[in-house]
Amino acid sequence: MTRMRELSLHILDIVTNSVEAEASRVILWIDESIAGNLLRIRVRDNGRGMTRAMIDRVTDPFVTTRTTRAVGMGLPLLQQAAASCGGRLEIESQPGRGTTLQATFAHNSLNRSPLGDIAATVVNLIIGAPEVHFVYGHRTDGGYFTFDSYWFYARMAERDCSQYMLVEPAQQWIQEKLVLIGSIG
Amino acid sequence: MKSLSDLRAIKDKAKKEMAAREQSAKFRIVIAMGTCGIAAGARSVMSAILDEINKRNVTQAVVTQTGCLGFCDQEPLVQVVQSDTGITTTYGKISAEIARKIVVDHVMGGQVVSSHVFSHE
C-alpha cells in the first residue's frame, strides 16, 4: 500500500473529508508526548456525519471502488499507518451531528512518518475552505498553543489586506510556536 | 481582550472582504485535494500558487480546494475557471513549477499553459 510521507498530509486529507461533508467548524488537536510515547491526532467536525455502516465502509479499502468513492482510500491508509505504529484509528459519528476521528501512533515507532509541514497543511486548509471555522491546537510535554481562522480575520481587518498576503506570516507564526513548545513532529 | 461582539465584527469584515474578492475575481483556481491529489503533491502545488499570487500581487483570482475529481492518474490536478464565461481549464500532472507558470501565463496573461492541459471546456 502506498503511504503518505507526512502525517500532516493525512491530516490535510481527513480535514478535506470534513469540508466535503459540509462542516462549518473543524477542530484539529495534535497531542505529542515523548514521556507518554504517544502521538495523537484528533479531528472533530460538525458535518453530515456517518452511520455505523458507512464508517465500516469508509475504513474498508476493498469495498471502496472508483465509481463510488464518496470517501476514498484516505481512511484505510490512515488506519494502516496507525496500526503499523502500534496505534489505531477510531471514528465516532452521528448522522446530522458530525464526526470525530482519532488516530494514535507510538511516538518512537520506526514505521511512523514524521508529522511534517503542519503549518502548510493548516494554512492551506484555511485558505482553501474559507467558509469553515478552523481551529488547530497542538500540545507537547512542553506546552501548547492554538491557532484558528480568527488569526486571519483579525489581521485582515488590522492590515486591510487579503488572506493571501497572510499565508507566509501565518506559517511562520505556527512554526515559531512549534519551536516554542518543543514539537518534534 | 476583545469582546465577543468585537470578534464577530472582525470576522464579518474579513468575510465581507473575501466575498467581495470572490465576486470580482476573474478566475477561480481550484486545487483537487482528494487522497490521490494529496499523495501526488497537491499541497506543494497549492503552496506554490499561493506564493505566486502573493508575490505578484494577483488580485483577480481566488483559490479554493475540492475533493477527488475522478481522474486520479492525472493528479495533481488544478482547475482554472473563468468567472464570466465558465470556461474551465483542467491541468493535470502539474508540479509546483508548472503551477507558478499557470498563475503567471494563464491567470495574469490570459494564455493557457498548453503543455499540461488535461481538458478545456
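Up top is the structure these notes are about.
On a predicted model such as this, the values are computed, not experimentally measured, just so you know. (Residues numbered from 1 in each chain as written. Chains lettered and ligands numbered in written order. Predicted model: local features only at pLDDT ≥ 70, side-chain atom pairs only at ≥ 80, totals over all residues. Heavy atoms only, no water.)

**Student:** So what's going on with the pairing of strand S5 (residues 133–140) of chain A? Which residues, and what values?
**Tutor:** Residue and element names in this part refer to chain A. Bridge count for strand S1 (residues 25–33) against S5 is 7 bridges, and the pairing is parallel. Considered in S5, the bridge of Trp29 is made with Gly137. Sheet topology places S5 next to strand S6 (residues 143–148); 6 bridges connect them, and they run antiparallel. Paired with His138 across the bridge in S6 is Phe145. Hairpin remark: S5 followed by S6, antiparallel, with 2 residues in the connecting loop. (Pairing = 2+ DSSP bridges. Helix = DSSP H or I, 4+ residues; strand = E, 2+ residues; numbered from the N terminus.)

**Student:** Could you give an account of helix H3 (residues 74–83) of chain A, naming the residues involved and the relevant values?
**Tutor:** Of all 10 residues that make up H3(A), 7 are buried, and the element is covered over most of its length. When we look at burial in H3(A), the residues that qualify are A:Gly74, A:Leu75, A:Pro76, A:Leu77, A:Leu78, A:Ala81 and A:Ala82. Looking at the packing, one finds that the buried side of H3(A) touches helix H1 (7–20), helix H2 (52–58), strand S3 (89–94) and strand S4 (98–106) of chain A together with helix H2 (35–40) of chain B. (Buried < 20%, exposed > 50% of the residue type's maximum accessible area, 1.4 Å probe, protein only. Contact = heavy atoms within 4.5 Å.)

**Student:** Describe in detail the sheet that holds S5(A), supporting the description with residues and values.
**Tutor:** Residues and elements named next belong to chain A. Read across the open sheet, the 6 strands follow the order S3-S4-S2-S1-S5-S6; overall the sheet is mixed. Of all strands in the sheet, those bounded by a partner on one side alone are S3 and S6. Across the sheet, the axes of successive neighbouring strands diverge by a mean angle of 10°, strand direction being ignored. Across 8 bridges, the pairing between S1 and strand S2 (residues 38–45) is antiparallel. Paired with Ile27 across the two strands is Arg44, which belongs to S2. Across the sheet, H1 touches S1, S2, S4 and S5, and the angle it forms with S2 is around 15°. (Axes fitted to C-alpha atoms, helices over the stretch in contact; angles between N-to-C directions.)

**Student:** Summarise the interface of chain B and chain A; cite the residues concerned and give the values.
**Tutor:** Listed by partner, the interface residues are 31 residues for chain B and 36 residues for chain A. For the chain B and chain A pair, buried surface summed over both sides reaches about 2,800 Å², with 59% attributable to carbon and sulfur atoms. For the pair chain B and chain A, the number of links is 2 salt bridges. Between A:Asp160 and B:Lys13 there is a salt bridge, with the nearest N and O atoms lying 3.9 Å from each other. Between the two partners, chain B and chain A, sit 13 residue pairs in polar contact (both at pLDDT 80 or more). Elements with a contribution of two residues or more to the side of chain B that touches chain A: helix H1 (4–24), H2, helix H3 (42–55) and strand S2 (61–66) of chain B. (Buried area = accessible area lost by both parts, 1.4 Å probe. Salt bridge = Lys/Arg side-chain N within 4 Å of Asp/Glu carboxyl O. Polar contact = N/O pair within 3.5 Å; in protein donor to acceptor, adjacent residues only side chain to side chain.)

**Student:** I'd like to hear about the environment of A:Ile126, residue by residue, with values.
**Tutor:** All names here are of chain A. With respect to the helices, strands and loops of the structure, Ile126 is situated in helix H4 (residues 118–128). Using a relative accessible area of 8% as the deciding quantity, one classes Ile126 as buried. For the pair formed by Ile126 and Ser149, sequence separation is 23 residues and the distance between their alpha carbons is 6.5 Å. Contact partners of Ile126, with chain neighbours within four places excluded, come to Phe134, Phe147, Asp148, Ser149 and Phe152.

**Student:** Provide a residue-level description of the pattern of salt bridges, including the pertinent values.
**Tutor:** Enumeration according to the criterion identifies 13 salt bridges over all chains in this entry. Notably, a salt bridge pairs A:Arg40 with A:Asp31, separated by 3.4 Å at the nearest N-O pair. Overall, A:Arg40 belongs to the partly exposed group, its relative accessible area being 22%. A:Asp31 sits in the buried class, given a relative accessible area of 11%. For the salt bridge of B:Glu52 with B:Arg56, the shortest nitrogen-to-oxygen distance reads 2.5 Å. According to the relative accessible area criterion, B:Arg56 is partly exposed, its value standing at 42%. Residues joined by salt bridges that share partners form a network here, namely B:Asp51, B:Glu52, B:Lys55, B:Arg56 and B:Arg100.

**Student:** Hey, could you go over the environment of A:Ala157 for me, with residue numbers and the actual values?
**Tutor:** Note on placement: A:Ala157 falls in helix H5 (residues 149–159). Classification of A:Ala157 as partly exposed rests on a relative accessible area of 23%. Distance from A:Ala157 to A:Met54, taken between C-alpha atoms, is 42 Å for residues 103 residues apart in sequence. If we skip the residues at most four places from it in the chain, A:Ala157 touches B:Ile10 and B:Lys13.

**Student:** Account for the nonpolar core, with residues named and values stated.
**Tutor:** Of all hydrophobic cores here, the largest spans 85 residues; its most connected members are A:Leu28, A:Phe105, A:Tyr136 and B:Ile49. Other than its neighbours up to four places away in sequence, A:Phe105 contacts A:Leu7, A:Asn37, A:Leu38, A:Leu39, A:Ile41, A:Leu78, A:Ala81, A:Ala82, A:Cys85, A:Gly87 and A:Arg112. (Core = buried A, V, L, I, M, F, W, Y, C linked by side-chain atoms within 4.5 Å.)

**Student:** I'd like a description of the pairing of strand S3 (residues 78–82) of chain B, backed by residues and values.
**Tutor:** Residue and element names in this part refer to chain B. Of all the 5 residues making up S3, 4 are buried; the element is thus mostly covered by neighbouring parts of the structure. Judged from the 5 bridges that link them, strand S1 (residues 27–32) and S3 form a sheet pairing that is antiparallel. Across the sheet, the residue bridging to Phe27 is Gln82, located in S3. Hairpin connection from S3 to strand S4 (residues 88–91): 5 residues lie between these consecutive antiparallel strands, with Gly86 at a positive phi of about 75°.

Such coordinate-based values are descriptive only and should not be taken to indicate function.
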